[in-house]
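Chain by chain, the residues:
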Amino acid sequence: NAGVTQTPKFQVLKTGQSMTLQCAQDMNHNSMYWYRQDPGMGLRLIYYSASEGTTDKGEVPNGYNVSRLNKREFSLRLESAAPSQTSVYFCASSPETSGIYEQYFGPGTRLTVT
Amino acid sequence: AQSVTQLDSQVPVFEEAPVELRCNYSSSVSVYLFWYVQYPNQGLQLLLKYLSGSTLVKGINGFEAEFNKSQTSFHLRKPSVHISDTAEYFCAVRYPHAGKSTFGDGTTLTVKP
């Protein structure tokens, strides 16, 4: 099992460019999440998806869109990147069933917007 | 609203000394509690969790945590740390049926030789 995979690992964008961060899990988990991590601010939830076809806003959704393409994949799109979106982005998944609520994280995508 | 507070942003400690990383949460109902560890340039991984039952929870790498309902705390402890325990540690809280967890800001544990 690969667990949670994220692509790309690193990305540099210019202000105003767009890009999509990809995430996939092979554990048949129901829920998937996108976080950003900034120094001293912990993890902040951007969007999450409790099941295929559903998405909900988290704490910091502005400037982002998501797609739960199927049970395995959950992508994060930046339509017009801004320097404030420079961060490390983590995708996570969780069974969210049968008493298993912990999250499994991918290795992260380090994004720089200049 | 769910909130979780990690009381120390940085904890330096010498190798083989004991350590406690403190976590408090706000809730008037039962919650699920987690500790995660993040090594440099990696994602988070689960250390231990409390869902119900025994208030003393044992996790990986010799860590344990104690759930204290009256003090709404879930402090993480290890009796003797190693250099390899240097990492960032996150406490997280989840209400039943919430569908998502709230993470604290993290505590950086630095173990010195």
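Here, the structure is the one placed above.
Asks: Can you explain the packing of aromatic side chains? Please cite residues and give values.
Replies: All names here are of chain A. If you walk through the whole model with that rule in mind, you get 13 aromatic pairs over all chains. Considering the side-chain rings of Tyr33 and Tyr48, the 6.2 Å spacing of their centres and the 15° angle between planes classify their relative orientation as stacked. One end of the pair, Tyr33, is in strand β4 (residues 31–37); the other, Tyr48, is in strand β5 (residues 43–49), and 15 residues separate them in sequence. In this pair, the class of Tyr33 matches that of Tyr48, namely buried.

Asks: Describe in detail the interface of chain B and chain A, supporting the description with residues and values.
Replies: Counting residues at the interface gives 21 residues for chain B and 19 residues for chain A. For the pairing of chain B and chain A, the buried interface totals around 1600 Å² over both sides, and the portion due to carbon and sulfur atoms is 53%. It is Leu44, Lys100 and Phe103 of chain B in chain B that bury the most area against chain A; as a group they hold 28% of the surface buried on that side. Between the two partners, chain B and chain A, sit two salt bridges.

Asks: Residues and numbers for the pairing of strand β8 (residues 64–68) of chain B, please.
Replies: Residues and elements named next belong to chain B. Where burial is concerned, the two faces of β8 differ: the one with Ala65 and Phe67 is buried and the one with Glu64, Glu66 and Asn68 is not. As paired elements, strand β7 (residues 56–58) and β8 share three bridges and run antiparallel to each other. In the strand pairing of β8, Leu56 is matched with Glu66. Hairpin remark: β7 followed by β8, antiparallel, with five residues in the connecting loop; positive phi at Asn61, about 60°.

Parameters at a glance
Residues numbered from 1 in each chain as written. Chains lettered and ligands numbered in written order. Predicted model: local features only at pLDDT ≥ 70, side-chain atom pairs only at ≥ 80, totals over all residues. Heavy atoms only, no water. Phe/Tyr/Trp six-rings, centres within 6.5 Å; stacked < 30°, edge-to-face > 60°. Helix = DSSP H or I, 4+ residues; strand = E, 2+ residues; numbered from the N terminus. Buried < 20%, exposed > 50% of the residue type's maximum accessible area, 1.4 Å probe, protein only. Contact = heavy atoms within 4.5 Å. Buried area = accessible area lost by both parts, 1.4 Å probe. Salt bridge = Lys/Arg side-chain N within 4 Å of Asp/Glu carboxyl O. Pairing = 2+ DSSP bridges.

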